[in-house]
Structures are given as structure tokens and as C-alpha cells.
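Per-entry structural report
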Amino acid sequence: LSSQVQDIYKKRLDNVEFEVLAEFVAHTSSSVTNIEIFNNIKQRVKISKDKFYKSVAKLIDNGYIYQLQKHNSPNASKKIYSYDFSLFEHFKEINFANTLENMVYLELLHLNTTIFYTLELPFFIESQSLVIAPLAFINEDSFIELSDKIYNKCKKLNVKSVKFITVGYE
């Protein structure tokens, strides 16, 4: 199935665009710079920076990939998401935590508001003083530990509400 899905994208995109998409998708829910992505691709394919940045712009403009900005750090590495949360499993081994985070991000896009991330907070919606934290599989002890970790960051950012999205924990 993965090779069939990849073949669809190989037909839609030129070789460089496909490599850029594959590398971005492989970094779903990760914080990475465009230069890091470029250097990874350059090891496999001959590519110019100009062609790379044009391909990135095209993939973003056409809605294939998203880059989430870090709060108060516009030049920091950005978190990567794709328009289809299932793409991750076709380019890299399945990681449900990353897939869930991508799912939540896609739902948050419907709010039509600015979303950020911080090192401690997966999704921070400053205009609503809201944090959304997807947690794939978590037990009570881990949940309490995580809550303690993010509490101080939430306090500094004047967060009024935190919503945890979990699978298998009520």
C-alpha cells in the first residue's frame, strides 16, 4: 500500500517536489528547519537551494504541507504537518502519537486563528488563551507528570484553559 500511495504522489509531483514532500512528511509533528530538510534531501538527490525553496513554497501553497511557527520565535524551526494525517505511515514507520498530533492540527485549522507551539505546549492559541495537548496513550502517572511540566509554561503565557486529547484514557 505504501508504494502505491507514493506512486500517486510521484505522478502528481516532479522528482524534487516528491523528495521534498517525502522528507517533510517523514518529519511530521517534529520541529525542523528548512535547511535541515534540504541537507537530508541533498544526500540522496542533486538539488539546488532555489529549486528546493520553490518546491517547498509550491507544496505549502497547494496545501500539501504546513509549517507551524514557534511562539515568539519566527525564525526558529517550525513543526511540520501534512494535509493528510495518514501520509506519515506511507513514508516512515507508523507512530500513532505523531499521527494523532497531525489529526488535531488539521482540526485546529478550522478555527481560522493563529496557532503556535512551544517546547512544552504542542498547540497554543494565544488569542483564546488556550492550549491543546494531544496525548496518544497515557496513564494517570504520566498525565500528572506532564500536567506539572506544562503548568509553569501555561502560567507564564496566561493560559486560561488546557484541553488534553487522549486515546484510551478518560
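The structure this text deals with has already been given above.
Residues numbered from 1 in each chain as written. Predicted model: local features only at pLDDT ≥ 70, side-chain atom pairs only at ≥ 80, totals over all residues. Heavy atoms only, no water.

Here we look at the overall build of the chain
Condition: To qualify as a helix, a DSSP run of H or I must reach at least 4 residues; to qualify as a strand, a run of E must reach at least 2; elements of each kind are numbered from the N terminus. We compute the radius of gyration from the C-alpha atoms alone; for a globule the expected value is 2.2 Å times N to the 0.38, where N is the number of residues. Buried, partly exposed and exposed residues are distinguished by accessible area as a fraction of the type maximum, computed with a 1.4 Å probe on protein chains only: under 20%, between the cut-offs, and over 50%, respectively. Contact definition: two residues touch when any of their heavy atoms are within 4.5 Å.
The number of helices and strands found in the chain is seven helices and six strands. Starting at the N terminus and walking to the C terminus, you meet the elements of the chain as α-α-β-α-α-β-β-α-α-β-β-α-β. Expected size for 170 residues packed as a compact globule is a radius of gyration near 15 Å; at 17 Å, the chain falls within 12% of this value. Counting only C-alpha atoms and orienting by the principal axes, one finds that the chain spans roughly 45 × 35 × 30 Å. Within the chain, the proportion of its 170 residues that are buried is 42%. In the chain, 58% of the contacts between residues at least 6 apart in sequence involve partners at least 24 apart.

As for the pairing of strand 6 (residues 161-166)
Successive side chains on a regular strand alternate, one facing one side of the sheet and the next facing the other. For the record, the criterion: By this definition, two strands are paired if DSSP reports at least two bridges between them. Crossover handedness is defined by viewing with both strands directed away from the observer: a clockwise path from the first strand over the helix to the second marks the crossover as right-handed.
In terms of strand pairing, strand 5 (residues 130-135) meets strand 6 through six bridges, oriented parallel. In the strand pairing of strand 6, A133 is matched with F164. On the question of chirality, the crossover connecting strand 5 to the parallel strand 6 by way of helix 7 (residues 140-156) is right-handed.

Side note on helix 7
Since the α-helix turns once every 3.6 residues, residues separated by three or four places project in the same direction. What counts, and what does not: The span you would expect from a helix comes to 1.5 Å times its residue count less one. Throughout, bend refers to the angle between the axes fitted to the seven residues that end at a position and the seven residues that start at it.
Here helix 7 contains 17 residues, and its C-alpha end-to-end distance of 25 Å stays within 8% of the 24 Å for a straight helix at 1.5 Å per residue. The largest bend in helix 7 is about 30°, located at I150. One or two steps after helix 7, the chain reaches N158, where phi turns positive at roughly 55°.

Regarding the pattern of salt bridges
Stated formally: Just to be clear on terms, a salt bridge is a Lys or Arg side-chain nitrogen sitting within 4 Å of an Asp or Glu carboxyl oxygen.
Inspection of the entire model under this criterion finds six salt bridges. The partner of D14 in a salt bridge is K51, and the shortest N-O contact between them spans 2.8 Å. Here the residue D14 occupies a position in the loop between helix 1 (2-12) and helix 2 (15-26), and K51 occupies one in helix 4 (residues 49-61), the gap between them amounting to 37 residues. E19 serves as the salt-bridge partner of R44, at 3.0 Å between the closest nitrogen and oxygen. Note that R44 is positioned in the loop between helix 3 (34-42) and helix 4 and E19 in helix 2, a separation of 25 residues in sequence. The exposure class of R44 is partly exposed, given its relative accessible area of 46%.

Focus on the packing of aromatic side chains
Stated precisely, the cut-off is as follows: By convention, a stacked pair of Phe, Tyr or Trp rings (six-membered ring in the case of Trp) has centres within 6.5 Å and planes under 30 degrees apart, an edge-to-face pair has planes over 60 apart, and any other such pair is tilted. As a reminder, the over-ring test applies to NZ of lysine and CZ of arginine, requiring each to be within 6 Å of the ring centre and within 35 degrees of the ring normal.
Summed over the entire model, instances satisfying the criterion amount to nine aromatic pairs. Ring geometry for Y9 versus Y64: centroids 6.2 Å apart, planes at 75°, classification edge-to-face. Placement of Y9 in helix 1 and of Y64 in the loop between helix 4 and strand 2 (65-68) is noted, with a sequence separation of 55 residues between them. The residues Y9 and Y64 share a single accessibility class, namely buried. Linked through ring pairs, Y66, Y81, Y105 and F123 together constitute an aromatic cluster. Looking at R12, its charged tip hangs above the ring of Y9, at a distance of 5.3 Å from the centre.

Comments concerning the nonpolar core
Short version of the rule: By convention a nonpolar core is built from buried Ala, Val, Leu, Ile, Met, Phe, Trp, Tyr and Cys residues, the set being connected through side-chain atoms within 4.5 Å.
Counting 22 residues, the largest nonpolar core has Y9, V20, L21, F24 and F52 as its most contacted members. Those elements that provide at least two residues to this core are helix 1, helix 2, helix 3 and helix 4. The element contributing the most residues to this core is helix 2, with six residues. With sequence-adjacent residues up to four places away left out, Y9 is seen in contact with F18, L21, Y64, Y83 and L87.

Digging into the packing of helix 2 against helix 3
The condition that has to hold: To get an axis, fit a line to the C-alpha atoms, keeping to the stretch in contact for a helix; angles then go from 0 to 180 degrees between the N-to-C directions. Should an angle lie under 35 degrees it is considered roughly parallel, over 145 roughly antiparallel, and from 65 to 115 roughly perpendicular; all remaining angles are considered oblique. Working rule for handedness: look at the near helix, and if it is turned counterclockwise from the far one by less than a right angle, call the crossing left-handed; if clockwise, right-handed. In this classification, Asp, Glu, Lys and Arg are treated as charged, Ala, Val, Leu, Ile, Met, Phe, Trp, Tyr, Cys and Pro as nonpolar, and every other residue, Gly included, as polar.
Close contact between helix 2 and helix 3 brings their axes to 10 Å; oriented N to C, the two are set at 120°. Compared by their axis directions, helix 2 and helix 3 come out oblique. Here helix 2 and helix 3 pass one another in a crossing that is right-handed. Residues E19, V20, E23 and F24 of helix 2 lie in contact with helix 3, whose contacting residues are N34, I37, N40 and I41. Among the residues forming the contact of helix 2 with helix 3, the class breakdown is four nonpolar, two polar and two charged.

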